[in-house]
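Residue-level listing of the chains:
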Amino acid sequence: MKTFKDSLDQKDFVVTGQLRLHENDSADDVIRQAEILADGVDAVSITDLPYGVLHMSGLAAASLLLPRGIDPVVQLSSRDRNRLALKSELLGAAAIGVTSLLLQRGDQLPDGVLPTSKQVFDTGAKRFLGIAGQLNRYRKSTGVGELNLGTMATVFLPEDDWVPKELMAKVNAGARFIQTQICLDPILLQRYTNFLVSSRITRQCRVIVSIPVLSSAENARWLFENLRGSVVPESIVRRFESASDEAAFGIELASEMIEALPHNPGICGVHLSTTGRPEGIVEAAQHATA
């Protein structure tokens, strides 16, 4: 099975696609969606209860994909687990054959999430990466391949003297790829990644940008108004609202954004998510690379 790590090592530009998991998904639902995504991406990303939305565990989903030759990138957040549970998840992921993990502190739960849950935040992203790095050093000492570790970053406009110290610390702790939060502003993205290039982070770590394949103006406006860390210009929302076919425009917009990314020297890939059909991710990726 070709892994996401293989793609990062061998390709100039990689594509990952996110499973859209729901509380009532069966194993067949997950497999069907993953098989659709696998036709157009280098790896399938599995979320970890984003926004407090309940779904099956990431490791359970990964265990369904691996026997079918589909490489999962499993996200793990410290929001809902203490360090003991996080270490247990890392060991479990390695045992079932997961090779890539996206480790993050996680966002605060939105107001009104039910059932009401206690947020743990026992460790931050750097320490979490350090814990995983310890596992990697053990695996390396025993001749087993190291886990491919990733972390998250938020695109913003830095001051002229900004140095990405937090990201550098995460890279030093073991991160080998960085996935940004959603960004639909190519000019802002270029300015942000210029700092990553000048700081030489991009020589040590591959940077992947999150682009949503939106299916409606309502989804675009929700992201604009609610999703912390995401960059969705109001001009994009207005373009959606004036589109005659919103779903088709969502694919067109994502393709337009993907096509611009290889011209940014700090970017080596894209992570695609969707609020609609998984086929939309494949269509956007194929249209952009045609």
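Scroll up to find the structure.
Keep in mind the model is a prediction, meaning the values are calculated, not measured.

Q: When you look at a nonpolar patch on the surface in this model, what are you seeing that I'm missing?
A: Where nonpolar side chains cluster on the molecular surface, the patch consists of Tyr51, Val53 and Trp222 and spans about 290 Å² of accessible area. Along the polypeptide, Tyr51 turns up in the loop between strand E2 (43-46) and helix H3 (58-65).

Q: Quick question: what am I supposed to make of the side chain of Thr151 here?
A: Checked against the element boundaries, Thr151 lands in strand E5 (residues 148-153). Taking the relative accessible area as the measure of exposure, Thr151 reaches 0% and is therefore buried. When residues no more than four places from it in sequence are discounted, the contact partners of Thr151 are Leu102, Leu103, Leu129, Leu167, Lys170, Ala175, Phe177, Ile178 and Gln179.

Q: I keep staring at the pattern of salt bridges and nothing clicks. Help me out?
A: Oppositely charged side chains can form a pair if their charged atoms are brought close together. Taken as a whole, this structure holds 12 salt bridges when the rule is applied. Among the salt bridges present, the one from Arg83 reaches Asp122, with a minimum N-O distance of 3.1 Å. Of this pair, Arg83 sits in helix H4 (residues 83-96) while Asp122 sits in the loop between strand E4 (100-104) and helix H5 (125-141), and the two are 39 residues apart along the sequence. Across the salt bridge formed by Glu241 and Arg221, the nearest N and O atoms sit 3.1 Å from each other. One end of the pair, Glu241, is in helix H10 (residues 234-242); the other, Arg221, is in helix H9 (residues 217-226), and 20 residues separate them in sequence. For Glu241, a relative accessible area of 45% gives the class partly exposed. Through salt bridges with shared partners, a single ionic network connects Asp48, Arg81 and Glu89.

Calculation criteria
- Here the residue numbers are simple positions, counted from 1 along each chain's written sequence.
- Given that this is a predicted model, residues contribute local features only at a pLDDT of at least 70 and side-chain atom pairs are listed and counted only at 80 or more, while totals for whole chains, interfaces and linings are drawn from all residues.
- Where side-chain values are given, they derive from all heavy atoms of the structure, hydrogens and water being excluded.
- For patch building, the residue pool is restricted to those with more than 30% relative accessible area and no salt bridge; the joining distance is 9 Å between like charges and 5 Å between nonpolar side chains (Val, Leu, Ile, Met, Phe, Trp, Tyr).
- Accessible surface area values rest on a Shrake-Rupley calculation with a 1.4 Å probe, where residue burial reflects the displayed protein chains alone.
- A side-chain nitrogen of Lys or Arg and a carboxyl oxygen of Asp or Glu constitute a salt bridge if their distance falls within 4 Å.
- A helix here means a DSSP run of H or I that spans at least four residues, while a strand means a run of E at least two residues long, and both kinds are numbered starting from the N terminus.
- Here's how the labels work: a residue is buried when its accessible area is under 20% of the maximum for its type, exposed when over 50%, partly exposed in between, all with a 1.4 Å probe on protein chains only.
- When checking whether two residues touch, look at their non-hydrogen atoms; a contact exists if any pair is within 4.5 Å.

On their own, these measurements won't tell you what the molecule is for.
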